[in-house]
Amino acid sequence: MEYKSITLKRGKEESLNRFHPWVFSGAVASLPDGIEEGETVIVNNNDGSFIGTGHYQIGSIAVRILTFEDKVIDEDFFSERLNAAYQLRRTLNLIRDDNNAFRLVHGEGDFLPGLIIDIYGNTAVLQAHSPGMHYARNMIANALVAIDGAGIRNVYYKSETTLPYKAQLDPQNDYIIGSYETNIAMENGLKFHVDWLKGQKTGFFVDQRDNRSLLEHYAKGRSVLNMFCYTGGFSFYAMRGGASLVHSVDSSSKAIALTNANVELNFPDDDRHKAFAEDAFKFLNGMDNRYDLIILDPPAFAKHRSAIKNALIGYRKLNAKAFEKIRSGGILFTFSCSQAINKEQFRLAVFSAAAQSRRKVRILHQLTQPADHPISIYHPEGEYLKGLILYVE
Ligand code: SAH
């Protein structure tokens, strides 16, 4: 296969020599004639020597490097990467009789920039974040069902909201291989419905698995408020952990319906749980001081760097409400999934909220994303989930 070549400006190869997988548009000296968005291209140094092969895109990141070796990007290439990703999840012991939901591919963290794949039993949900991965979707789907021993039979493509709008790719959310079988998956022995057809992201937030397990250990005898519950992940762990009461809140009534269905699936007719379709701030303002365990897992407040300042104010206000109302001896699980905000900034926002409340607050745990969302050491931007477990007196 003949690929077109992109040449870098002199001296712009430094980060690539350190295996960072992005070529910024400002580093490009010349683009070949007739290059199309999403094409696989070779990236060369200014002296013509080879750097890597990747997907070309219009925008601030011009190329996402797939390999620093001189390789063809074909189905074998994807097979090799997907098998390596699968072996890592095996090593992590995420593939068990009582656990069949996990992230198989976490973009750059699995050396496949622009690609996300979550597994729910026999179904893989594939999300392209770059035109290159959109064009590669059929190769990827074929490679997925061929992973030895994985038993993946259905591949659902869900990229209508993740691809650059301007690329006009018109991706249709649909099965590439197979069809609907069941939407019930399992995480650490708890069952849940995953709505990959209409739900957010790939249908479930697999990235909170380890943090939910920690919550289970703290739940015994506590009255729990799961704020921004989505499909209720934290709620059913709290119930299994022996919480005395669990209230789940989300502004989306669809999310509340899913939460109720999931609680029913695991704890039928258990009257400890109640769900509320309500805005978080409205609920926090109106609630009494009954909770001694509160989870705050809001959506990304800063989707871009330009929104950081307002996002930090948002985190401070939200956490201040929780500090104001949580019972003495209470435990707060507080998160930020904004990639643009780093650990220190988030901790500072929570610190400001704590100081404002004048409560005695101690950090018990510092949390992050689980191991099936690995961070390539060459791509620190892959770190996004931050959390603190706080003891509040
Ligand atoms: N904790 C969840 C994931 C949370 S995702 C889990 O473990 O799966 C963020 C959720 O916040 C979404 O479900 C979204 O509907 C909800 N949300 C967004 N804005 C909100 C608001 N102002 N009040 C309450 N919920 C909100």
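Residues numbered from 1 in each chain as written. Predicted model: local features only at pLDDT ≥ 70, side-chain atom pairs only at ≥ 80, totals over all residues. Heavy atoms only, no water.

Inspection of the secondary structure puts Ile-308 in helix H9 (residues 308–325). Residue classification places Ile-308 among the buried residues on the basis of a relative accessible area of 12%. (Helix = DSSP H or I, 4+ residues; strand = E, 2+ residues; numbered from the N terminus. Buried < 20%, exposed > 50% of the residue type's maximum accessible area, 1.4 Å probe, protein only.)

Among the 7 residues that make up strand E6 (residues 61–67), 7 are buried, leaving the element largely enclosed by the rest of the structure. Direction of pairing for strand E2 (residues 22–24) relative to E6: antiparallel, over a ladder of 3 bridges. Residue pairing for E6: Phe-24 is matched across the bridge by Ile-61. The pairing of strand E5 (residues 50–56) with E6 spans 4 bridges and is antiparallel. Counterpart to Gly-54 in the pairing with E6 is Ile-65. A loop of 4 residues connects E5 with E6, the two strands running antiparallel in sequence, and Gly-59 in this loop sits at a positive phi of about 140 degrees. (Pairing = 2+ DSSP bridges.)

Direction vectors running N to C along H9 and helix H10 (residues 343–357) enclose 40 degrees, while the axes themselves pass 8 Å from each other. By the criterion of interaxial angle, the relationship of H9 to H10 is oblique. The handedness of the crossing between H9 and H10 comes out as right-handed. Touching Ile-308, Leu-312, Tyr-315, Arg-316, Asn-319, Ala-320, Phe-323 and Glu-324 of H9 are Gln-345, Phe-346, Ala-349, Val-350, Ser-352, Ala-353, Ala-354, Gln-356 and Ser-357, all from H10. Here the contact of H9 with H10 is composed, by residue class, of 10 nonpolar, 5 polar and 2 charged. (Axes fitted to C-alpha atoms, helices over the stretch in contact; angles between N-to-C directions. Parallel < 35°, antiparallel > 145°, perpendicular 65-115°, else oblique. Left-handed = near helix turned anticlockwise from the far one by under 90°. Contact = heavy atoms within 4.5 Å. Nonpolar A, V, L, I, M, F, W, Y, C, P; charged D, E, K, R; others polar.)

Within the open sheet, the 7 strands sit side by side as E16-E15-E14-E17-E18-E20-E19. Their pairing is mixed. A single partner strand is all that each edge strand has here, and the edge strands are strand E16 (273–277) and strand E19 (361–368). Direction aside, the axes of adjacent strands within the sheet are offset by 15 degrees on average. Bridge analysis of E19 against strand E20 (residues 386–392) gives 7 bridges, and the strand direction is antiparallel. Residue pairing across strands places Gln-366 opposite Leu-388, the latter belonging to E20. The strands touched by helix H7 (residues 253–266) are strand E15 (245–250) and E16; relative to E16, the strand with the most contacts, the crossing angle is about 170 degrees. Relative to the sheet, H10 contacts strand E18 (330–336), E19 and E20, its axis offset from that of E20 by approximately 25 degrees.

Okay, the side chain of Ser-376 next. Relative to the helices and strands, Ser-376 resides in the loop between E19 and E20. The class of Ser-376 is buried, set by a relative accessible area of 6%. Contacts of Ser-376, omitting those with residues within four sequence positions, involve Glu-108, Gly-109 and Phe-111.

Here we come to the side chain of Ser-235. Mapping Ser-235 onto the fold places it in helix H6 (residues 233–240). On the accessibility criterion, Ser-235 (1% relative accessible area) is buried. At 2.8 Å, the side chain of Ser-235 forms a polar contact with the side chain of Asn-226. A distance of 2.6 Å separates the side chain of Ser-235 from the side chain of Ser-248, its partner in a polar contact. (Polar contact = N/O pair within 3.5 Å; in protein donor to acceptor, adjacent residues only side chain to side chain.)

Right, let's talk about unusual backbone geometry for a bit. Unusually for a residue other than glycine, Gln-168 sits at a positive phi of about 50 degrees. If you trace the backbone, Gln-168 turns up in the loop between strand E10 (154–157) and strand E11 (174–177). For Gln-168, a relative accessible area of 69% translates into the label exposed. For Asp-170, which is not glycine, the phi dihedral falls at a positive 45 degrees. Mapped onto the secondary structure, Asp-170 falls in the loop between E10 and E11. Judged by its relative accessible area of 57%, Asp-170 is exposed.

This brings us to the pairing of strand E14 (residues 223–227). The element E14 is extensively covered by neighbouring structure, given that 5 of its 5 residues are classed as buried. Alternating positions in E14 separate into two faces, Ser-223, Leu-225 and Met-227 on one and Val-224 and Asn-226 on the other, with burial throughout. Crossover E14 to E15 through H6 is right-handed. For E14 and strand E17 (residues 293–296), the ladder comprises 4 bridges, and the chain directions are parallel. Each residue of the ladder has a partner; that of Met-227, found in E17, is Leu-296. (Right-handed = clockwise from strand over helix to strand, strands pointing away.)

What surrounds the ligand is a group of 15 residues, the closest being Arg-212, Asp-250, Asp-279, Ala-280 and Asp-297. In the model, a nitrogen atom of the ligand is placed 3.1 Å from a nitrogen or oxygen of the Phe-228 main chain. Separating a nitrogen atom of the ligand from a side-chain N or O atom of Asp-297 is a distance of 2.7 Å. Contact with the protein chains removes 87% of the 580 Å² of surface that the ligand exposes when unbound. (Near = heavy atom within 4 Å. Areas by Shrake-Rupley, 256 points an atom, 1.4 Å probe, with all protein chains shown as cover.)

The strand order E2-E6-E5-E4-E1-E3 describes an open sheet built from 6 strands, whose pairing is mixed. Each edge of the sheet is formed by a strand with only one pairing partner; in this case those strands are E2 and strand E3 (28–30). Neighbour to neighbour, the strand axes of the sheet diverge by 45 degrees on average, direction disregarded. Of the pairings in the sheet, the one linking strand E4 (residues 40–44) to E5 comprises 5 bridges and is antiparallel in character. Bridged to Ile-42 within E5 is Thr-53.

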